[in-house]
Amino acid sequence: MKIQVQIGPVIEKKTPCLLVGIFEEETDSTWTESIFWLTGRNLTHIFQDKEFTGKHQETLLLHMGSEKACLRILLVGLGKEKEITPEKIRRAVGSATGLIKGMKVSAFAVDVASFISEGASPTDISQVLGEGILLADYRFDRYQTENAEEKPPLIDYVDFCAQDEALEHDLLAGIGLAQSVCEAVFFSRDLVNEPGNVKSPDYLAQQARAMAEKAGLKCTILGKAELEKEGMGALLGVAQGSVREPRLIVLEYVGADPDEDPVVLVGKGVVFDSGGISLKPADKMDEMKMDMAGGAAVIGALLAVSKLGLPQRVVGIIPAVENLPSGTAIRPGDILTSMSGKTIEILNTDAEGRLILADALTYAARYNPRLVIDLATLTGACIVALGHEASAVLGNNRELIGSLIESGQETGERLWEFPLWDDYTELMKSEVADVKNSGGRPAGTISAAVFLKKFAADYKWAHLDIAGTAWEYKGGHYRPKGGTGFGVRLLTHFLQNLKD
């Protein structure tokens, strides 16, 4: 999709559809007069009768007539101006984009000024509008070969319209940011949506390598022999049930002094998770192709960082495995020796993500990291606690957690902090090893983080459990069904605003 800026009278814009944002308390705005001028119809009664009130994501489609330059006007409600947030704008324009696609048109225009509230930056608004539109237009259909003509067309181009020529530079800057970040989100979504028969650990590694070559990143891939040499017994233990060998993917971006301590991002990369010997129920097991969404988010974030040219040094580490039951798979009761030397008693082979993260977090320490953030679709308990509206964040540094929560609010990829009190360490004590990999049903999200904390004690660390947000089940606003790419925009915003 191409997004461009058009300067001139918005009401005279030639377009199949003009998208206009209306705040709830402004339904008697100048747009009422403009529509009257276009159509010769007084629409005051529509607002008086509350047919359209401007409530958030409410829409009203007006046909202008074929003799008019603007064939349609789509009003979208933004809610009360004093309650407006970037996320509300994203969701409003995302919902509107879906409606416009349903009209079978491939282009539309946006009245940018109608979305700007008091104190808002034109660049920020332009980026938010761009993200809402671009993310809503995503589709993963590469394996569908029939009835292509029945699908709504993807949008070819969108005009961001403004009357003030001085805004052009700011609007273009916001569009550029949106396109760079959304390209990275799309890459992440594609990886998550790819089926398990295609997406082996090596496939994920090669996709990361190809991206790195184009983006100017350094990519190192460790195969089974290298992992054995490193002593990554926890990662190898998970992988031993599958004939598809594991990989450790390392991406490095140097946008600052190469000797600067980097930010290290670690992403869980279980390309398919059957649960192993502790087999998952058959219902919805097909969705477990998304159990590498944390790894996909890290890969996407590194792409975004490189496209934006951020002045940071960032390292991404993705342990990639497949968790299957077989004659060679690990069993409940087994004891693994991790890269750190700590021994791990296996009580549940479906608690495998924390095992591969343990070795990856240990590996991260060799970079002398400024801080470490891991992302993982780690626990069903997180979905029980937070549903699909937010991810959990836990860690050992208050400032880091606070900054991540703030970035989550700005990007709409919200985080909610769970406690990591010392009391919870009792849940993970083993009688036969240094730690066990499952603390049972109580506080499942927290006990998983307690486990990870043992391997992240030497640096500032935060853990994001994205089990409930990495996959969209229903589809809505700017999130189609399937992989969401959760974490890419959050991490990018965090890195953009990271202070010395």
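Residues numbered from 1 in each chain as written. Predicted model: local features only at pLDDT ≥ 70, side-chain atom pairs only at ≥ 80, totals over all residues. Heavy atoms only, no water.

## With respect to the pattern of salt bridges
Here's step 1: All chains considered together, the criterion is met by 23 salt bridges.
Here's step 2: Among the salt bridges present, the one from Arg91 reaches Glu87, with a minimum N-O distance of 2.8 Å. Of this pair, Arg91 and Glu87 both sit in helix H3 (residues 86–102), four residues apart, roughly one helical turn. An identical accessibility class is assigned to Arg91 and Glu87; each is buried.
Here's step 3: In this structure, Asp334 engages Arg331 in a salt bridge whose closest nitrogen and oxygen atoms are separated by 3.4 Å.
Here's step 4: Of the residues examined, Asp334 reaches a relative accessible area of 16% and is grouped as buried.
Here's step 5: Each of Glu87, Arg90, Arg91, Glu131, Glu413 and Arg489 takes part in a single network of salt bridges with overlapping partners. (Salt bridge = Lys/Arg side-chain N within 4 Å of Asp/Glu carboxyl O. Helix = DSSP H or I, 4+ residues; strand = E, 2+ residues; numbered from the N terminus. Buried < 20%, exposed > 50% of the residue type's maximum accessible area, 1.4 Å probe, protein only.)

## Here we look at the packing of helix H10 (residues 353–364) against helix H13 (residues 444–453)
The description of two helices packed together rests on the angle between their axes and the distance between the axes.
Here's step 1: It is at 9 Å that the axes of H10 and H13 come closest, and there the two elements cross at 30 degrees. Compared by their axis directions, H10 and H13 come out roughly parallel. In this structure, H10 crosses over H13, and the sense of that crossing is right-handed. Contacts from Arg354, Leu355, Leu357, Ala358 and Leu361 in H10 reach Ala448, Phe451 and Leu452 in H13.
Here's step 2: Looking at the contact of H10 with H13 residue by residue, the classes come out as seven nonpolar, no polar and one charged. (Axes fitted to C-alpha atoms, helices over the stretch in contact; angles between N-to-C directions. Parallel < 35°, antiparallel > 145°, perpendicular 65-115°, else oblique. Left-handed = near helix turned anticlockwise from the far one by under 90°. Contact = heavy atoms within 4.5 Å. Nonpolar A, V, L, I, M, F, W, Y, C, P; charged D, E, K, R; others polar.)

## Some words on the side chain of Ser200
Here's step 1: With respect to the helices and strands, the residue Ser200 is situated in the loop between helix H5 (168–193) and helix H6 (201–215).
Here's step 2: Leaving out residues up to four positions away in the same chain, Ser200 has contacts with Arg244 and Val271.

## Side note on the sheet that holds strand E17 (residues 435–436)
Here's step 1: Reading across from one edge, E12-E13-E17 is the order of the three strands in this open sheet, with mixed pairing throughout. Each having just a single partner strand, strand E12 (335–337) and E17 make up the two edges of the open sheet.
Here's step 2: As paired strands, E12 and strand E13 (residues 343–345) are joined by three bridges and run antiparallel to one another. Bridging from a neighbouring strand, Thr337 pairs with Thr343 of E13. (Pairing = 2+ DSSP bridges.)

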